[in-house]
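Remarks on the overall topology
What follows is each chain in one-letter form.
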Amino acid sequence: MSIVPKETIEVIAQSIGISNFSPDVAPALATDVEYRVREIMQEAIKCMRHSKRTILTVDDVDSAVKLRNVEPLYGFTSGGPRQFKKAAGHKDLFYVDDKDVEFKDLIEAPLPKTPLDTGVITHWLAIEGVQPAIPENAPIEALAVPSDNKKSEYKEDGLPVDTKLPVKHVLSRELQLYFDKIKELTLSRSDSILFKEALVSLATDSGIHPLVPYFTYFIADEVTRNLNDFSILFALMRVARSLLQNQQIHIEPYLHQLMPSIITCLAAKRLGSRFSDNHWELRSFTANLVASICKRYGHVYHNLQPRVTRTLLHAFLDPTKALPQHYGAIQGLAAFGPSVVSSVLLLLASKEECYSWIKWLFFIFKKYQFLY
């Protein structure tokens, strides 16, 4: 049995001037009307869910009608609920109490403002560090630091100069504790299991991006201070590798601070103070780290690998350098692959010089094996 009673079909038919039709027509039409209404409501519910809403609106029904290629409903929409009234003389018949609108008043009413369509536009925030003067960008005056953070100075000619005071970088308490804990583990507990878990966190956590400049400064500063401490140097290189492995942080702007420290651990004359310190392993580890940096960020900084290669080549060709420096340079060049080795070492030298450099290369490796 249809949820649409046949009396409703008869009333609608009478309202449009149809009074004489077969008694079997009303039940058949009621069943078809129920099917069409269910179909439209299902489409409307889909539109509501795609709009991330839980309340069905008139716009959802209009969208469902358009999807079915049905003529849309024209007229005024109401933001509030419909007010139904019970028809006099009928038990189950209700109607909407619509207010009569005079056509003359409708024509003379002022037109509402045209709503703006929602859209997305693109514009340049900066081009090579210079902000374009377009309406979408805020003016330079609006971005300037308030006068409270400025200090007035005077040149020798008496002209005033506004000097901006440094702006404090605010970190959350959790990030400060995280940074201090990583520093403690790196400097004093690099052989613990907790340090290994910290390295995994550095390589995967996306919330440490505000700490990237602090980590790069920490690595650069501690490498300079602890060239005689092998364990700290190795721990710092492991921290650097974990940061570079993290795909969630933007570390490219800080490579110019990291690279000198990493190259130092590769080609420095002395790493560690004890004879038992395996600085050969540290140089091999750092060579692979340098190669991975050049491979990953070479498309961003096109002169990165040529500059590193030139530095290592000069260290290798300099006869005044110590054996560990030659070993670090060879490991660094070899980590770039056979193409770099053949093009830089073999093609750069003449044939006679090439033979002498190959003999020097075998001599270094032979001596290295003896020491190791």
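First, a word on what this report is: a plain description of the structure on this page. (Residues numbered from 1 in each chain as written. Predicted model: local features only at pLDDT ≥ 70, side-chain atom pairs only at ≥ 80, totals over all residues. Heavy atoms only, no water.)

A look at the packing of helix H11 (residues 279-297) against helix H12 (residues 304-317)
So the rule is basically this: Simply put, an axis is a line fit to the C-alpha atoms, just over the touching stretch for a helix, and the angle between two N-to-C directions goes from 0 to 180 degrees. In this description a helix means any DSSP run of H or I spanning at least four residues, a strand means any run of E spanning at least two, and both kinds are numbered starting from the N terminus. Each angle gets one of four labels, with under 35 degrees taken as roughly parallel, over 145 as roughly antiparallel, 65 to 115 as roughly perpendicular, and the rest as oblique. Contact definition: two residues touch when any of their heavy atoms are within 4.5 Å. Residues are grouped as follows: Ala, Val, Leu, Ile, Met, Phe, Trp, Tyr, Cys and Pro are nonpolar; Asp, Glu, Lys and Arg are charged; every other residue, Gly included, is polar.
Where H11 contacts H12, the two axes come as close as 9 Å, and the packing angle between them is 155°. Classified by the angle between their axes, H11 and H12 sit roughly antiparallel to one another. Within the contact between the two elements, H11 uses Val290, Ile293, Cys294 and Tyr297 and H12 uses Leu304, Gln305 and Val308. Looking at the contact of H11 with H12 residue by residue, the classes come out as six nonpolar, one polar and no charged.

Some details on the pattern of salt bridges
Definition in use: Any carboxyl oxygen of Asp or Glu within 4 Å of a side-chain nitrogen of Lys or Arg constitutes a salt bridge here. The buried label goes to any residue with under 20% of its type's maximum accessible area, the exposed label to any with over 50%, and the partly exposed label to all in between, with areas taken from a 1.4 Å probe on protein chains only.
The final tally for this structure, using the stated rule, is ten salt bridges. With a shortest N-O distance of 3.4 Å, Arg68 and Glu39 are connected by a salt bridge. Taken together, the positions of Arg68 in the loop between helix H3 (58-67) and strand E1 (84-86) and Glu39 in helix H2 (residues 25-50) put the pair 29 residues apart, joining distant regions of the chain. Here Glu39 falls in the buried class, since its relative accessible area comes to 18%. One salt-bridge network, held together by shared partners, links Asp32, Arg36, Glu39, Glu43, Lys46 and Arg68.

Details of the environment of Ala287
Examined against the element boundaries, Ala287 turns out to sit in helix H11. The class for Ala287 is buried, based on a relative accessible area of 1%. Sequence separation of Ala287 and Gly328 is 41 residues, and the distance between their C-alpha atoms is 7.3 Å. Look past the residues within four positions of Ala287 in its chain and what remains in contact with it is Leu266, Gln331, Gly332 and Ala335.

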